[in-house]
Amino acid sequence: MTTSQEPKTKKRRWRVTRRGFLLGAGATAGTLAIGVLAGRRPFYRFLAGQLDNASAPGGPAEDPIAWFEISPDNDISIFINRVEMGQGVHTSMAQIGAEELGIDFEQLTVVQAGTQKGAEPAAVTGGSNTISSAYLPLRKAAAAMREMLIIQAAGMLGAPAADLEAVSATVRSKSDADQSLTYGEIVAATTEWPELQEEPVLKEASEFQIIGRSIPRVDFEAKLTGQPVYGYDLKTEGMLYGAVIRPPTIEATLLSVNAGSAAERDGVVEVVVDEELGFAGVVATTRAAAWTAVNSLDVEWDEGHLWSQEELDDMLDFDMLDGYVIQKEGNALRVIDGEPTLAAEYRTPMAVHAHLEPQAAMADFQDGKLKIWTSTQGQGTVKGQIVAVLGMEEADVEVVPTYLGGGFGRRLNANVALEAALLARAVGRPVHVGWTRQEEMRHGYVRPSTRSQLSAKLNNNRIEALSHRQASGEVAFPFFPGFLQAIFGTDFGAWRGSFNFYEGIPNRQLGAYLARMPIKTGWWRGLGLMSNIFATESFMDEMAHAAGVDPLEFRLAHLSDDPFSQRMRGVLEAAAERAGYGESLPEGRAFGVACGPDVDTVVAMISEISVDDDGFITVHKVTQAIDAGLFINPDGAKAQAQGSIIMGLSSTLIEELTVSEGRVVPNNFDRYPLLTIDRAPEIEIVLLESDLQPRGMGEPPMGPVAASVANALFNLTGKRIRQLPLTPERVRAA
Amino acid sequence: MKLKINGQEVEIDDAYGSGLLIWAIRDGAGLMGTKFGCGAGICGSCTVHIDGEAVRSCITPVQNVVDADIRTLEGLPNEDGMLHPVQQAFIEQQVPQCAWCMSGQMMSAAALLEQNENPTQEEIVEAMSENYCRCGCYFRIKSAVARAAEIKQEMA
Ligand code: FES
Ligand code: FES
């Protein structure tokens, strides 16, 4: 198994076959190429139509999410139009393909695909949907390829196709081992490929040999030996370095900019100013020279209003914002009737992504054509924005994604690629732009703060009615044009995770309120997931304690018997059993439980914690049970859960981004530290497979993290903290 | 100017001489195994060895190391190209996710094992406690460093 980052082959034209996959055309003669159409999700289909993207949904102009190629030399490759940011998706997609292709995993080369043509809004990696959406289409395309090879081999060997089988990239006779042809031999001898008359037969799950195995990641060798495979690592002959001016405050607008003395500085090649775009930057022979010079530009700003954190917090005001009813069963408000048994309010702060590789891109502009290499989650987004801002033809822009040093939702815009493109166009030489940590802290977009008010009516130790008002800054809206916002009505990212799933509660209501913050807000791993579950699952515990029922029992008692609830029950029981919930713990320790669904994956988590006299929380052990249907790569799935738990704990215990005097307060990790290994708990992950449909794993395990720790803290100390992070100061003050 | 990196004299453009070591290694020498994370000595992504000690190259002036032995991730494998026990253990236990921090993690771990052949879990945690991993691979790092100590002893 090898990996390669850039397609060696030429651009391909695709023809849709009757069976709905793509047959490559215009390829090197004698190569078989089959592409995979995942079908745009309805939303993207709609978007494509609205944006006048000429490509007919599902039609030939649409880029495949992946394709396979077999050369006459029997080289077999999978080209993947999704990026590898640490989630292991290149490995798991290759596993799915190799399984149905009838080859050994080691025979497959994984190649990152770039934009092939057209704005491709679907070429985005995020939302935990890659595997769930690609699973069947990948298998079907690979199986079709296998069947076509068998049919061709049947003709070449003079044997009926039914007597042939595909094993290790060879088609061979089931009865006569000498009768065999490698895939490469078949490809070399074929000029016309037949259309399949029938839908290819997929393997039974019981026949799987590659899917479901913990195959080692394909990208580690290159990464752990220091190969230049990330966006920040790019370097080419004659390359220069760029840096760009940044506004001093979150609301600043550019008044004027002048080269000043910057152009005369050592190493400076050019000062680039585009007042219309509000853009100015420096190109220099070293990064240090570019960074120093950009600070010496003569720039005048209107700083705008100098926002304080208090003002931002006050914007989450239910009386001032428009609310939308997201969920309504029964009539919670009438039952509660202004006299709840229990009511509470929760808040969570803003956060940054803090992916450790800052944004980076290299752009090369030659003869009116632009090529960009960048660590991005959205090569289609990058291409679209470059085409729009630079006024270029789609055919003249090519974007090649590299490996990413973390994504977490931060790399779904085009800032750095645009900057590199503008600078490269100005100097006519390749330019690399790599952001600093200061730029990452202050000039990206943040997870918005949230505020939740919950109230409930209990009756006979059960919840009779539950009302939840949830307010948040925008999450998804900033990425979509206004007409789409109007159609959505609500920002699905903002209230993600707050939908109530306890079918045993007869009256439930969720209202979502959205605020447009002066600071840029947007995607962050799980979107509103963990913030919102912090509120809902903390309140679930508060209700359990009010009812005098064990919190785990209380949850189980409010689940119904439908298949979803059964899965939730399954993970709750599995996590409790594995954690030893209910058994006695050493003095000074306590358990806390929380659970939640996301992208139809269900997760339950039990935290075991202690707290010292200073209010410092230690999380000793975390047990999570996860039902995500079929696990393509169980060890990779566990890694995703372990990572989500650590990132979630970092938010739960430490992280808080604030604004003061119109500025983001931290500008590096000294004032925005992350969780380190000395606070990392023991983690145990239990994977439950309830059916054979793979679901998302990148975000769901983060959902219950904060709530389970806050619930454990209450069980231990009787202190209920309703605001994240759970710092020693807050614990002491509670 | 010249720097001694991974046992070799490496020619580097003079423009890097007045700057910080990380950029001389990455942009000057073209060795991209040393990663940039914060530029402030906090995250540990840029960790290299200077005369055997783990040091943060993002806050180390080139002037301070002109005569020193600098070792980067590229210098971890032995002369035959066999991966360092730490690299072997990190692959064997599938430690990384995005892997951006891993160069620094492995350089910190390798320096620890130079000084302490058989570290306890507490010693491992202590030595690794200033290397950030945003992807959250800590649980695996703990066991992989212990495993690297074993491999190192087997190989000795
Ligand atoms: S980049 Fe040197 S410590 Fe972070
Ligand atoms: S593996 Fe991504 S930061 Fe550590």
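Residues numbered from 1 in each chain as written. Chains lettered and ligands numbered in written order. Predicted model: local features only at pLDDT ≥ 70, side-chain atom pairs only at ≥ 80, totals over all residues. Heavy atoms only, no water.

A.B. asks: Go over the domain arrangement of chain A with me, naming the residues and quoting the values.
C.D. replies: Residue and element names in this part refer to chain A. With domains assigned, chain A is organised as domain 1 (3-224), domain 2 (231-303 + 359-434) and domain 3 (315-351 + 446-733). Computed from C-alpha coordinates alone, the two centres of domain 2 and domain 3 are separated by 38 Å. The interface of domain 2 with domain 3 comprises eight residues on the first partner and 12 residues on the second. Taken over both partners, the interface formed by domain 2 and domain 3 buries close to 790 Å², and the fraction arising from carbon and sulfur atoms is 64%. Looking only at domain 2, the three residues that lose the most surface to domain 3 are Ile250, Phe408 and Leu412, adding up to 66% of its buried area. At the junction of domain 2 and domain 3, the tally comes to one salt bridge. Ionic pairing is found between glutamate 303 and arginine 663, a salt bridge with its closest N-O pair at 3.1 Å. (Domains from an automatic or database assignment. Contact = heavy atoms within 4.5 Å. Buried area = accessible area lost by both parts, 1.4 Å probe. Salt bridge = Lys/Arg side-chain N within 4 Å of Asp/Glu carboxyl O.)

A.B. asks: Break down the interface of chain B and chain A for me, with residues and values.
C.D. replies: Taken together, the 44 residues of chain B in the interface contact 59 residues of chain A. Considering only the side of chain B, the residues that lose the most area to chain A are Gln97(B), Tyr132(B) and Arg134(B), jointly responsible for 20% of the buried surface there. One can count five salt bridges joining chain B with chain A. The salt bridge partner of Lys35(B) is Asp233(A), with a shortest N-O separation of 2.7 Å. When contributions to the side of chain B that touches chain A are tallied by element, the ones reaching two or more residues are helix 1 (21-28), helix 2 (85-92), helix 3 (102-115), helix 4 (121-128) and helix 5 (138-155) of chain B. With five residues, helix 5 of chain B is the largest single contributor of residues to the side of chain B that touches chain A. (Helix = DSSP H or I, 4+ residues; strand = E, 2+ residues; numbered from the N terminus.)

A.B. asks: Lay out the packing of helix 16 (residues 634-653) of chain A against helix 17 (residues 705-717) of chain A in plain terms, naming residues and giving numbers.
C.D. replies: Working note: a packed helix pair is described by the angle between its axes plus the distance between those axes. Residues and elements named next belong to chain A. The N-to-C vectors of helix 16 and helix 17 enclose an angle of 55°; their axes lie 8 Å apart at closest approach. The angle between the axes of helix 16 and helix 17 places the two elements in the oblique class. As helix 16 packs across helix 17, the resulting crossing turns out to be right-handed. Seen from helix 16, the contacting residues are Ser644, Ile645, Gly648, Leu649, Thr652 and Leu653; seen from helix 17, they are Val705, Ala706 and Val709. Looking at side-chain class alone, the contact of helix 16 with helix 17 contains six nonpolar, three polar and no charged residues. (Axes fitted to C-alpha atoms, helices over the stretch in contact; angles between N-to-C directions. Parallel < 35°, antiparallel > 145°, perpendicular 65-115°, else oblique. Left-handed = near helix turned anticlockwise from the far one by under 90°. Nonpolar A, V, L, I, M, F, W, Y, C, P; charged D, E, K, R; others polar.)

A.B. asks: Can you break down the pattern of salt bridges residue by residue, with the values?
C.D. replies: A side chain with one charge can pair with a side chain of the opposite charge if their charged atoms come near. Residues and elements named next belong to chain A. In total, this model carries 43 salt bridges over all chains according to the counting rule given. Here glutamate 99 ties to lysine 203 by a salt bridge, and the two come within 2.9 Å at their closest N and O atoms. Taken together, the positions of glutamate 99 in helix 2 (residues 89-101) and lysine 203 in the loop between helix 4 (183-188) and helix 5 (220-224) put the pair 104 residues apart, joining distant regions of the chain. With relative accessibility at 1%, the residue glutamate 99 sits in the buried group. With relative accessibility at 25%, the residue lysine 203 sits in the partly exposed group. For arginine 555, the salt bridge is made with aspartate 541, and the minimal N-O distance between the two is 2.7 Å. Taken as a pair, arginine 555 in helix 14 (residues 551-557) and aspartate 541 in helix 13 (residues 529-547) lie far apart in primary sequence, 14 residues in all. Here arginine 555 matches aspartate 541 in class, with each residue buried. Through salt bridges with shared partners, one network takes in Arg567, Asp600, Asp627, Asp691 and Arg695. (Buried < 20%, exposed > 50% of the residue type's maximum accessible area, 1.4 Å probe, protein only.)

A.B. asks: An account of unusual backbone geometry is needed here, citing residue identities and associated values.
C.D. replies: Residue and element names in this part refer to chain A. With omega at -10°, the peptide bond leading from leucine 724 into proline 725 counts as cis. Inspection of the secondary structure puts proline 725 in the loop between helix 17 and helix 18 (728-733). Positive phi values are uncommon outside glycine, yet asparagine 74 reaches one of about 70°. Asparagine 74 sits in the partly exposed class, given a relative accessible area of 21%.

A.B. asks: Can you lay out the sheet that holds strand 8 (residues 164-167) of chain A for me, pointing to particular residues and giving the numbers?
C.D. replies: Residue and element names in this part refer to chain A. Strand order in this open sheet of three strands is 8-9-10, and the pairing throughout is antiparallel. Because the sheet does not close on itself, it has two edges, and the strands there are strand 8 and strand 10 (180-182). On average, each strand axis in the sheet is tilted by 20° relative to the strand beside it, whichever way the strands run. In the sheet, strand 8 pairs with strand 9 (residues 170-173) via four bridges, with the strands oriented antiparallel. Within strand 9, the residue paired with alanine 166 across the bridge is valine 171. Strand contacts of helix 3 (residues 130-157): strand 8, strand 9 and strand 10, with the helix running at about 130° to strand 8, the strand carrying the most contacts. (Pairing = 2+ DSSP bridges.)

A.B. asks: If you had to explain the sheet that holds strand 13 (residues 268-274) of chain A to someone new, which residues and values would you point to?
C.D. replies: All names here are of chain A. If you trace the seven strands from one edge of the open sheet to the other, you get 13-14-11-21-18-19-20, paired in mixed fashion. Whereas interior strands pair on both sides, the edge strands pair on one side only; in this sheet they are strand 13 and strand 20 (397-401). Adjacent strand axes in the sheet meet at a mean angle of 20°, parallel and antiparallel pairs treated alike. Across five bridges, strand 19 (residues 369-374) lies against strand 20 in parallel orientation. Bridging across to strand 20, isoleucine 372 finds its partner in valine 399.

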